[in-house]
Amino acid sequence: MENTDPVVDTDVHNAFKSKTELLDFLPQEWHRQWAASGTGGGVYYSPIGLMRRDAVPPGGGTPGNDPAYLDEHHLSPHGIDYAILTGSGVLGLSLLPDPDYGTAIAAAYNDWLAATWLPASEKYKGSIIINASDPVAAAEEIARSAGHPDVVQVLMASAAQQPYGQRFYHPIYAAAEKAGLPIAIHPGTEGRGIAGAPTPAGYPTRYFEWHNILPINYMTHVNSLVSEGVFEKFPDLTFVAIEGGIAWLPHLMWRMDKNYKALRATVPWLKRRPSEYIRKHIRLTTQPIEEPDDPRHLGQIIAMAGAETMIMFSSDYPHWDFDNPRIALSPLDRDVRTRIMSTNAVQLYGLATSRAGA
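Because the structure is a prediction, the values reported are computed rather than measured.

Here's the deal with the overall build of the chain
Part 1 of the argument: Secondary structure summary: the chain contains 12 helices and eight strands in total.
Part 2 of the argument: Relative to the globule expectation of 21 Å for 358 residues, the C-alpha radius of gyration of the chain, 19 Å, shows essentially globular dimensions.
Part 3 of the argument: Seen through its principal axes, the chain has C-alpha atoms that stretch 55 × 50 × 40 Å.
Part 4 of the argument: Here the chain, with 358 residues, has 56% of them falling under the buried criterion.
Part 5 of the argument: Taking the intrachain contacts of the chain between residues at least 6 apart in sequence as the baseline, contacts between residues at least 24 apart amount to 79%.
Part 6 of the argument: In the structure as shown, the chain presents an accessible area of about 15,700 Å², 53% of it carried by carbon and sulfur atoms.
Part 7 of the argument: If you average the places of the 29 positive and of the 39 negative side-chain charges in the chain, the two averages end up 6 Å apart.

What follows is the structure, encoded as structure tokens:
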């Protein structure tokens, strides 16, 4: 019997063909700065680049800039029913010194997304980009943009000035919970702008080294969100850790549960074990998933954390480390793979439960 579960790709990078596309949505006073610097450049050089060369549309420009070609090149050939759009090159706006400029770019991007990508296909679902360095303005942007029927989450950079559980960010979580939207974070800006160094020990020297260690930032935020009582204060909030790996999850859960036994007096607002909050409120995406020499070990790691309901498929298209959904996760049990490829994301984002055209 043919599988009728919809396939959901939770990390697809749509892009501008040209930066000038944003000008129609951006107040005039910011045009010169946007043209000159955008949201700033990267810190580390990648000798293989960041994008797949075969993903450039026929009309040229940055890969991922054409809704029709993205469907033709990625979604339809791979049987993907929904693409959660995560943008390209805009998350650095949260790390700019000028919060007003960052907030203006976020609003312009969200209006551009609603005008260009979301009407292009029912397959495309959008993320509200926010400037997390100004939580009050970010909350206002969530309230302004959350009414669009094809917006399914709020998205911000994983790089930050302080861990995301701290009270500074709580206006964002209040607004997202009120709107019924999960909060997601995405890497790529660690070490940029007003964020701290990418590691607690300082700056790596190379892209390879930087890329390897990104999960420690995700561990920091998950630890902070639980320890600061975010999920007691916002019991309906879900937090999505995009592109941060998954193998660190059981280690963190075990360590937090162990220490909670002796140190619970320091977090008196917690009413259950840290691992219980993590399983209920945290979601992770697969790409770039760890690839052990023995493929069975991946399934064992997922089982160790009880994470079968926490993980969602992502391809990271059109980046160099793209994962093909027809191949990815093939060593996993069929039921677990179905949850990851479909069920978990369908439930989180409120998507239709049958395949497109079924």
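Quick look at helix H7 (residues 215–227)
Part 1 of the argument: The terminal C-alpha atoms of H7, which comprises 13 residues, lie 18 Å apart, in line with the 18 Å expected from a rise of 1.5 Å per residue.
Part 2 of the argument: In the segment just after H7, glycine 229 is the residue with positive phi, at about 75°.

Let's talk about the pattern of salt bridges
Part 1 of the argument: The tally for this structure, following the rule as stated, stands at 10 salt bridges.
Part 2 of the argument: One salt bridge connects arginine 273 with aspartate 257, and the closest N-O pair in it is separated by 3.6 Å. Placement of arginine 273 in the loop between helix H9 (249–263) and helix H10 (274–281) and of aspartate 257 in helix H9 is noted, with a sequence separation of 16 residues between them.
Part 3 of the argument: A single salt-bridge network, built from bridges that share partners, covers Asp111, Glu141 and Arg144.

Quick word on the packing of H9 against H10
Part 1 of the argument: Running from amino to carboxyl end, H9 crosses H10 at an angle of 140°, the nearest separation of the two axes being 8 Å. When the axes of H9 and H10 are compared, the pair comes out oblique. Along the contact surface, H9 presents Leu249, Met253, Met256, Asp257 and Tyr260, while H10 presents Pro274, Ser275, Ile278 and Arg279.

Some details on the nonpolar core
Part 1 of the argument: Counting residues in hydrophobic clusters, the biggest one holds 104 residues, and the most contacted among them are Met156, Tyr164, Ile172, Tyr173 and Phe239.
Part 2 of the argument: Considering each element in turn, this core owes the most residues, eight residues, to helix H3 (residues 99–116).
Part 3 of the argument: Those residues in contact with isoleucine 172 that sit more than four places away from it in its chain are Ile130, Ala132, Pro135, Ala138, Ile142, Met156 and Ile183.

With respect to the sheet that holds strand S1 (residues 8–12)
Part 1 of the argument: Taken in spatial order, the eight strands make up an open sheet running S1-S2-S3-S4-S5-S6-S7-S8, and their pairing is parallel. Either end of the sheet is taken by a strand with one partner, and the two such strands are S1 and strand S8 (311–312).

Details of the environment of histidine 319
Part 1 of the argument: In this fold, histidine 319 is placed in the loop between S8 and helix H12 (334–349).
Part 2 of the argument: Taking the C-alpha atoms as reference, histidine 319 lies 9.1 Å from valine 12; in sequence the two are 307 residues apart.

Let's talk about the packing of aromatic side chains
Centre distance and the angle of the planes are the two values used to describe a pair of aromatic rings.
Part 1 of the argument: What the rule picks out here adds up to 13 aromatic pairs.
Part 2 of the argument: Pairwise contacts between aromatic rings join Phe16, Trp34, Tyr109 and Trp112 into one cluster.
Part 3 of the argument: The positively charged end of lysine 19 is found above the aromatic ring belonging to tryptophan 34, 5.5 Å away from the centroid.
Part 4 of the argument: For the cation-ring pair, arginine 52 lies above phenylalanine 322, with the distance from its terminal atom to the ring centre recorded as 4.4 Å.

Structural notes on the pairing of strand S5 (residues 183–186)
Within a regular strand, side chains alternate between the sheet's two faces.
Part 1 of the argument: Of the two faces of S5, both are covered, the one formed by Ile183 and Ile185 as well as the one formed by Ala184 and His186.
Part 2 of the argument: Bridge count for strand S4 (residues 151–157) against S5 is four bridges, and the pairing is parallel. Residue pairing for S5: valine 154 is matched across the bridge by isoleucine 183.
Part 3 of the argument: Handedness of the β-α-β unit built from S4, helix H5 (residues 170–179) and S5 comes out right-handed.

Structural notes on the packing of H9 against helix H11 (residues 296–305)
The description of two helices packed together rests on the angle between their axes and the distance between the axes.
Part 1 of the argument: At their nearest, the axes of H9 and H11 sit 8 Å apart, and the two run at 25° to each other. In terms of their interaxial angle, H9 and H11 are classed as roughly parallel. Pair H9 / H11 crosses with left-handed handedness. Here Leu249, Pro250, Met253 and Trp254 of H9 come into contact with H11, specifically with Ile301, Met304 and Ala305.
Part 2 of the argument: Looking at the contact of H9 with H11, its residues break down into seven nonpolar, no polar and no charged.

A closer look at H10
Owing to its 3.6 residues per turn, the α-helix brings residues three or four apart onto one side.
Part 1 of the argument: Of all the positions in H10, only Pro274, Ser275, Tyr277, Ile278 and His281 are classed as buried. End-on, the buried residues of H10 take up no more than an arc of 160°, which puts them together on one face.
Part 2 of the argument: Elements in contact with the buried residues of H10: H7, helix H8 (230–233), strand S6 (239–241), H9 and strand S7 (282–285).

About the thresholds
Residues numbered from 1 in each chain as written. Predicted model: local features only at pLDDT ≥ 70, side-chain atom pairs only at ≥ 80, totals over all residues. Heavy atoms only, no water. Helix = DSSP H or I, 4+ residues; strand = E, 2+ residues; numbered from the N terminus. Rg over C-alpha atoms; globule rule 2.2 N^0.38 Å. Buried < 20%, exposed > 50% of the residue type's maximum accessible area, 1.4 Å probe, protein only. Contact = heavy atoms within 4.5 Å. Areas by Shrake-Rupley, 256 points an atom, 1.4 Å probe, with all protein chains shown as cover. Lys, Arg positive; Asp, Glu negative; His and termini not counted. Charge placed at Lys NZ, Arg CZ, Asp CG, Glu CD. Expected span 1.5 Å × (residues − 1). Salt bridge = Lys/Arg side-chain N within 4 Å of Asp/Glu carboxyl O. Axes fitted to C-alpha atoms, helices over the stretch in contact; angles between N-to-C directions. Parallel < 35°, antiparallel > 145°, perpendicular 65-115°, else oblique. Core = buried A, V, L, I, M, F, W, Y, C linked by side-chain atoms within 4.5 Å. Pairing = 2+ DSSP bridges. Phe/Tyr/Trp six-rings, centres within 6.5 Å; stacked < 30°, edge-to-face > 60°. Lys NZ or Arg CZ within 6 Å of the ring centre and 35° of its normal. Right-handed = clockwise from strand over helix to strand, strands pointing away. Left-handed = near helix turned anticlockwise from the far one by under 90°. Nonpolar A, V, L, I, M, F, W, Y, C, P; charged D, E, K, R; others polar. Arc of directions from axis to C-beta.

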